[in-house]
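Letter by letter, the chains look like this.
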Amino acid sequence: MQRGKFITFEGGEGAGKSTQAKHLAERLEGIGIPTIVTREPGGTPVGEDVRALILKDRPQDPVTELLLFAAARAEHMTAVIRPALDEGTWVISDRFIDSTRVYQGKLYGLEPEFITMLERYTVAPDYPNLTLILDLPADEGMARAETRGTLSRYDAQRIETHELLRQGFLEIAERNSERCVLIDGHLPVASVETAVWQAVKAHLLAEVS
Ligand SMILES: Nc1ncnc2c1ncn2[C@@H]1O[C@H](COP(=O)(O)OP(=O)(O)OP(=O)(O)O)[C@@H](O)[C@H]1O
Ligand SMILES: [Mg+2]
């Protein structure tokens, strides 16, 4: 049996990650590929507790936050992602390593080597096969999140911070072009969906069919 593929959605607040993750899963299921959608932080009971903890009492030290996310990720890989991939199920994660690289790395200034080392102990060798980075200007993403009424602590950050994060995602897309596809999140939902599907077909479906 062929191992499942691992797809991640990344990008700023309100860029459309959750919307597209759901649509893509439905599309894959529609062509007979068993698919699960999961998210970070979260994805397991331990991970959801870590998510709630961080949103409630934000750690003062960014290292605390990084290590909590890393702990949740180790659990996520072992309890959910790896077993699914092993049984041939495709996994879509709403945020993953690139969010850590951008938030804890670029925004909070933690060393990339430290972050990469944690990835080696939590994720390797099961890095995502494909990462779809949804790009949207910061003010638009925040406006969307606000309309939806889910202003989390990340939403409350200033527009400049969001622009910094956006630049971080753009840099990742550029530096990891074999794994990442940059998609304009500004387009209507259906157009973004088409772009996502084209990327999945080009990168992953060619090799399974
Ligand atoms: N392409 C789009 N055009 C217009 N509105 C969109 C588009 N994609 C998503 N939306 C709307 O924008 C809001 C945010 O979308 P969604 O929850 O998918 O983003 P997200 O990236 O998961 O956000 P968050 O980072 O807050 O989880 C939702 O109300 C959604 O319906
Ligand atoms: Mg979301």
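Bear in mind that the values here come from a model prediction, so they are computed numbers and not experimental data.

J.: It is not clear to me how the overall build of the chain should be interpreted in this structure. Could you clarify?
T.: When helices and strands are tallied, the chain shows 8 helices and 5 strands. Tracing the chain from N to C terminus, the helices and strands come up as β-α-β-α-α-β-α-α-β-α-α-β-α. Its C-alpha atoms give the chain a radius of gyration of 16 Å, near enough to 17 Å, the size a compact globule of 209 residues would have. Dimensions along the principal axes, computed over C-alpha positions, put the chain at roughly 50 × 35 × 30 Å. The buried share among the 209 residues of the chain stands at 49%.

J.: Before we go on, may I ask you to explain the nonpolar core in this structure?
T.: Buried together is how nonpolar side chains tend to be arranged in soluble globular proteins. One finds Ile7, Leu24, Leu28, Leu132 and Val200 to be the most contacted residues of the largest nonpolar core, which totals 23 residues. Listed by contribution, the elements that provide at least two residues to this core are strand S1 (6-11), helix H1 (17-30), strand S3 (90-94), strand S4 (130-135), strand S5 (180-184) and helix H8 (189-208). Looking at which element gives the most residues to this core, the answer is H8, with 7 residues. If you look at the next biggest cluster of nonpolar residues, it comprises 9 residues, including Phe6, Ile81, Leu85 and Phe96.

Calculation criteria
- All chains use their own residue numbering, which begins from 1 and follows the written sequence.
- Chain labels run from A onward and ligand labels from 1 onward, assigned in the order the entries are written.
- Owing to the predicted nature of the model, reporting of local features is limited to residues with pLDDT of at least 70; listing and counting of side-chain atom pairs is limited to 80 or more, with chain, interface and lining totals taken over all residues.
- Computation of side-chain values covers all heavy atoms of the structure but excludes hydrogens and water.
- Runs of E in the DSSP output that reach at least two residues are strands. Runs of H or I that reach at least four are helices, and both are numbered from the N terminus.
- Every radius of gyration here is taken over C-alpha atoms, with the globule rule written as 2.2 Å times N^0.38, N being the number of residues.
- Under the scheme applied here, a residue whose accessible area is under 20% of the maximum for its type counts as buried, over 50% as exposed, and between as partly exposed, the area being computed with a 1.4 Å probe on protein chains only.
- Side-chain atoms within 4.5 Å are what join buried Ala, Val, Leu, Ile, Met, Phe, Trp, Tyr and Cys residues into a set we call a nonpolar core.

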